[in-house]
Amino acid sequence: MIKQDSIILKLIAKEKIRQEEGLELIASENFVSAQIAAATGSILTNKYAEGLPGKRYYGGCHIVDEVESLAIERAKALFNVDWVNVQPHSGSQANAALMMGVLKPGDKILGFNLAHGGHLTHGSPVNFSGKLYQSFFYGVNRETGRVEWEEVAQKARRLQPVMMICGASAYSRDWDYVRLRAIADEIGAFLWADIAHPAGLISQGLLNNPFPHCHFVTTTTHKTLRGPRGGMILMGKDFNNPFGKTNAKGMVQRMSTLLDAAVFPGTQGGPLVHSIAAKAIACYEAMTSNYKAYAIQVQKNATVMAQALMDKGYKIISDGTDNHLLLLDLSSKNISGKKAEAALQKAAITTNKNLIPFDRTTPQITSGIRLGTAAITTRGLVASDMLLVVEWIDRVLKNIENESKIKKVKEEVNKYMSHFPLTMVDHSN
């Protein structure tokens with residue numbers, strides 16, 4: 001009999017307590033259902049399944065073929081699209097495969113500036129995307145904190161990129177996919193939307209839909225979609241090739257072959273079948289009325305939180321939010337994001353330090369923190385609770401050097417969150 005690893009088991013138990021007792025405000029995190037957790041930890045992890053359903057390089061894949069096929073069909077139904085690859089291990093690997101399948105090394109890409117809320121894989125020089133491709137960026141207006149589409153158009157015309165990228169990790173406003181597609185068509189570029197953060201809200205029609213307008217869409221499955229950690233690549237029903245006339249259906253088939261090959265064998269080996277099973281469950285849960293109500297509440301909670309912070313004199317980049325996250329600018333408070341994150345953590349409020357647009361500090365220090373409502377909404381918190389959450393944040397930041405007052409907030413947070421147990425209930429009910 002194999003001896004239990006008591007050290008790791010104790011650490012898992014400690015992490016469970018941390019999650020249960022605290023406020024999880026990191027915008028990229030969430031809590032999965034019991035059935036998603038069970039699938040992720042299931043015996044499916046034992047199976048190698050390189051290739052695609054019906055086209056594997058290993059025997060014994062007839063059951064996992066059904067698992068992956070179900071995940072594909074559910075993702076297609078959830079987002080109303082023609083094609084999905086559910087194998088990427090993460091959002092970054094989905095993005096890497098997409099770029100490998102569509103671009104050549106040295107091609108020009110135009111993405112959203114990481115320092116303004118973009119993502120590493122959209123051309124950052126420290127990332128593969130900035131090392132393999134010529135990367136250029138657009139950002140937000142200094143006064144409004146919003147992307148200005150005419151500025152994007154002007155840069156696109158001047159630079160003539162092969163690929164335009166939209167989507168972000170710390171931008172709280174919706175995207176004008178219609179305008180972006182018009183710009184892409186004007187210069188003959190592909191348009192790619194990375195919806196890793198707002199995918200769940202988009203699936204419920206709460207934000208603009210990228211699929212009728214973007215040639216490619218990538219997403220993670222573990223943020224607002226509330227599934228396992230992983231990624232997907234998707235293509236919509238109307239694919240119009242900017243580099244020559246062809247029918248949409250034929251182009252989807254051609255591009256899907258390239259992208260399937262870019263995932264495997266291009267960027268990864270055997271898929272994580274246990275994670276794919278959990279992705280199938282996440283898509284199933286996201287097609288329920290319970291999830292619709294959840295997504296609406298996520299958006300409402302973020303709006304209320306942003307307004308409550310502004311009412312207390314805090315600066316929110318772009319003066320509000322359309323989605324599940326907001327970026328708090330602490331530069332006028334003379335508090336760094338690093339210091340704020342550490343103080344809030346002592347109060348059992350988990351956030352992450354984040355650069356703000358035109359930040360004068362470094363990514364290790366930052367002038368802001370990013371907040372999100374996806375995880376606390378899963379716990380059951382509603383709009384009225386956001387006022388209390390903001391009150392706690394404000395008390396910590398106003399008493400950032402006062403350990404006793406921060407400890408008092410922690411006690412209040414722990415007691416309050418005991419009324420919202422992390423039982424990983426069945427989200428499909």
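Here, the structure is the one placed above.
Residues numbered from 1 in each chain as written. Predicted model: local features only at pLDDT ≥ 70, side-chain atom pairs only at ≥ 80, totals over all residues. Heavy atoms only, no water.

Draft legend 1. Structural view of the overall build of the protein chain. The number of helices and strands found in the protein chain is 15 helices and 15 strands. Since a compact globule built from 429 residues should have a radius of gyration of about 22 Å, the 22 Å found for the protein chain is in line with a globular shape. Across its three principal axes, the protein chain shows a C-alpha extent of roughly 65 × 65 × 40 Å. Each of the 429 residues in the protein chain was classed as buried or not, and the buried ones make up 55%. Contacts in the protein chain between residues far apart in sequence, at least 24 positions, make up 73% of those at least 6 positions apart. Element-wise, carbon and sulfur atoms account for 55% of the exposed surface of the protein chain, whose accessible area totals about 18400 Å². On the protein chain, the mean spot of the 48 positive side-chain charges and the mean spot of the 39 negative ones are 3 Å from each other. (Helix = DSSP H or I, 4+ residues; strand = E, 2+ residues; numbered from the N terminus. Rg over C-alpha atoms; globule rule 2.2 N^0.38 Å. Buried < 20%, exposed > 50% of the residue type's maximum accessible area, 1.4 Å probe, protein only. Contact = heavy atoms within 4.5 Å. Areas by Shrake-Rupley, 256 points an atom, 1.4 Å probe, with all protein chains shown as cover. Lys, Arg positive; Asp, Glu negative; His and termini not counted. Charge placed at Lys NZ, Arg CZ, Asp CG, Glu CD.)

Draft legend 2. Broad picture of unusual backbone geometry. Cis geometry marks the peptide bond from F264 to P265, where omega comes out at 10 degrees. For P265, the position within the fold is in helix α9 (residues 248–267). Even without being a glycine, S318 presents a positive backbone phi close to 75 degrees. Tracing the chain through its elements places S318 in the loop between β11 (315–316) and β12 (325–329).

Draft legend 3. A look at the state of the cysteines. In total, this model carries 0 disulfides according to the counting rule given. Unpaired in this structure, C214 has its nearest cysteine sulfur neighbour in C166, at a distance of 4.5 Å. Residue classification places C214 among the buried residues on the basis of a relative accessible area of 3%. No disulfide involves C283; its nearest neighbouring cysteine sulfur is the one of C214, lying 19 Å away. (Disulfide = S-S within 2.5 Å.)

Draft legend 4. Representation of the packing of helix α6 (residues 149–159) against helix α7 (residues 177–187) in the model. Between α6 and α7, the shortest axis-to-axis distance is 10 Å and the interhelical angle comes to 15 degrees. What the angle tells us is that α6 and α7 run roughly parallel. α7 is crossed by α6, and the crossing has right-handed handedness. When α6 is examined against α7, the residues W149, E150, V152, A153, A156 and R157 are found in contact with a partner set consisting of R179, L180, I183, E186 and I187. Considering only residue class, the contact of α6 with α7 consists of 7 nonpolar, no polar and 4 charged. (Axes fitted to C-alpha atoms, helices over the stretch in contact; angles between N-to-C directions. Parallel < 35°, antiparallel > 145°, perpendicular 65-115°, else oblique. Left-handed = near helix turned anticlockwise from the far one by under 90°. Nonpolar A, V, L, I, M, F, W, Y, C, P; charged D, E, K, R; others polar.)

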